[in-house]
Amino acid sequence: MDKLMDHPWFIRVVSLLLAIMLYMSANVGAKTGETRNTFGQEDTETLIDIPVVAYYDEDNLVVSGVPKYVNVTLQGPASIVKPTALQRNFEVYVDLTELPLGTYTVPIKYRDISDKLKVTIQPSSAKVTIREKVSKRFPVGVEFFNRNKMPDGYSVGEPTVKPDAVTITGAKELIDEIAFVKAIVDLDGATETLTREARVRVYDRRGNELDIEPEPSSVEVTVPVKSPSKTVPVQVQTTGELPDGVHLVSITPEPDRVTIYGPKEVLNHIDKLEGLTVDLDDITDDATVELDVPLPDGAKNVDPDKIKVHIDVEKDVTQTWKDVPIAVVGLPDSYKAEFVKPLEGKITVRLVGPPDVVRGLTKDDVRLYVDVSGLGIGEHQVPIQWNHPEQVQWQPSAETAMVHIIDKATAQ
């Protein structure tokens, strides 16, 4: 035996075994909250944040008061405590399946832990309330924040919300407290239409926000932002000319006013909308054309962006008068004039012009005459002239007359 103890390898083996024992002794129970007895046979370990499972009719009931987590202390043989603490394959729960609606203090239980361990749960019980579960749809309104921080003159239009309603599920008493549901949009500095993803907030009748999660919890809100505006008349210009025999009655834009949006300093210099032009070259009848409304320099938008222009025209009409007398002007008092041709000094006149002008004329409005100023005795061919409205053309049956001038004294 002495020889064995004197052997170098014996000493090495014993030293290794002692080192292993010391190492294991130093590391067992190193976790926070764990204590061990002097002899290493009993262990106590506290496990924190162990989830609590609640058993109840989740489809029809709502339960409040169940703690999410508890602390569990295990005490007993180290050989059981350690694996149980590491694996955590046990369950902490409350069983509410047999309880009717109401408020109760129920124990917090556990299962799948060895009965050789002493188990302490903190807290050991919970005051729970069981209520009827309901679901209800609520329309989502929009509330604006920082509206006063929009640039001067800008305003908002009617917002759209997608989806426009949310579903809220919870205890009936809590659902009955809901007064309105809103999505809040920040308008600070907004100068154009904006789209935001906004969280849905739930409020009671006193305006207090309720801690309820709707479905969905956020919505897409689109807010039209309108810049300062000014409504001005539309001015339509024309190019080209109407064909012969066609007259322009009116050009009417529809609408005859448009609204221009833009900075105030731009709008201050705009009194009418220009740049709209209608080509008359190919217009032979009443017509309607659609024109793009030009955007003035510096403006952001114009409404509407298209207008219709109604073009009203009328075609020439003809009126014929027979036996229209021809007067003689410029004849000295001592002379007398007689018509050689046309006989009796009457011709047929055909008038061509706009209907409202031609149809309004009578024979008395058309004066035919020949001017014999400076002509002496004898026969003279002179042009037939007339006084007429500028818009009317005339087509006489004869353009000249043969006039015989004689001396009154000689004729006697």
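Report follows, based on the coordinates. The shown structure was predicted, so the numbers you read here are calculated from the model rather than taken from an experiment.

Per the stated rule, a full pass over the model turns up 13 salt bridges. Ionic pairing is found between Arg131 and Glu173, a salt bridge with its closest N-O pair at 3.8 Å. Linking Arg131 in strand 9 (residues 125–145) with Glu173 in helix 4 (residues 172–177), this pair joins segments that are 42 residues apart in sequence. A relative accessible area of 45% places Glu173 in the partly exposed class. Two residues, Asp176 and Lys172, come together in a salt bridge whose shortest N-O distance is 3.0 Å. Residue Asp176 and its partner Lys172 are located together in helix 4, separated by four residues, close to a single helical turn. Residue Asp176 is classed as partly exposed on the basis of its relative accessible area of 41%. Several salt bridges share partner residues, and in doing so they unite Arg199, Arg201 and Glu209 into one network.

Three or more residues of helix 3 (residues 78–87) are buried, namely Ala78, Ile80, Val81, Thr84 and Ala85. One face of helix 3 carries all of its buried residues, which in axial projection span an arc of 165 degrees. Those residues of helix 3 that are exposed and angled more than 90 degrees off the buried face are Ser79, Leu86 and Gln87. Against the buried residues of helix 3 lie strand 2 (42–55) and strand 4 (69–77). Within two residues after helix 3, Arg88 carries a phi angle of roughly 50 degrees, on the positive side.

Right, let's get into the packing of aromatic side chains. This structure, assessed with the given rule, holds three aromatic pairs. Between Tyr55 and Tyr93, the aromatic rings sit 6.0 Å apart at their centres with planes inclined by 80 degrees, giving edge-to-face as the arrangement. In this pair, Tyr55 sits in strand 2 while Tyr93 sits in strand 5 (residues 91–95), placing the two residues 38 residues apart along the sequence. The exposure class of Tyr55 is partly exposed, given its relative accessible area of 30%. The positively charged end of Arg111 is found above the aromatic ring belonging to Tyr93, 4.1 Å away from the centroid. Note that Lys182 overlies the ring of Phe180, its terminal NZ or CZ placed 5.1 Å from the centroid.

Moving on: the sheet that holds strand 20 (residues 273–279). Judged by pairing direction, the sheet is mixed, and its four strands sit side by side in the order 20-17-19-22 without closing on themselves. The open sheet terminates on both sides in strands that have one partner only, identified here as strand 20 and strand 22 (301–303). Put simply, the sheet's adjacent strands are angled 35 degrees from each other on average, direction ignored. Here strand 19 (residues 257–261) runs beside strand 22; their pairing, made up of three bridges, is antiparallel. Across the sheet, residue Tyr261 finds its bridge partner in strand 22, namely Asn301.

Thresholds applied
Residues numbered from 1 in each chain as written. Predicted model: local features only at pLDDT ≥ 70, side-chain atom pairs only at ≥ 80, totals over all residues. Heavy atoms only, no water. Salt bridge = Lys/Arg side-chain N within 4 Å of Asp/Glu carboxyl O. Helix = DSSP H or I, 4+ residues; strand = E, 2+ residues; numbered from the N terminus. Buried < 20%, exposed > 50% of the residue type's maximum accessible area, 1.4 Å probe, protein only. Arc of directions from axis to C-beta. Contact = heavy atoms within 4.5 Å. Phe/Tyr/Trp six-rings, centres within 6.5 Å; stacked < 30°, edge-to-face > 60°. Lys NZ or Arg CZ within 6 Å of the ring centre and 35° of its normal. Pairing = 2+ DSSP bridges. Axes fitted to C-alpha atoms, helices over the stretch in contact; angles between N-to-C directions.

Everything listed is a geometric property; what it means functionally is a separate question.
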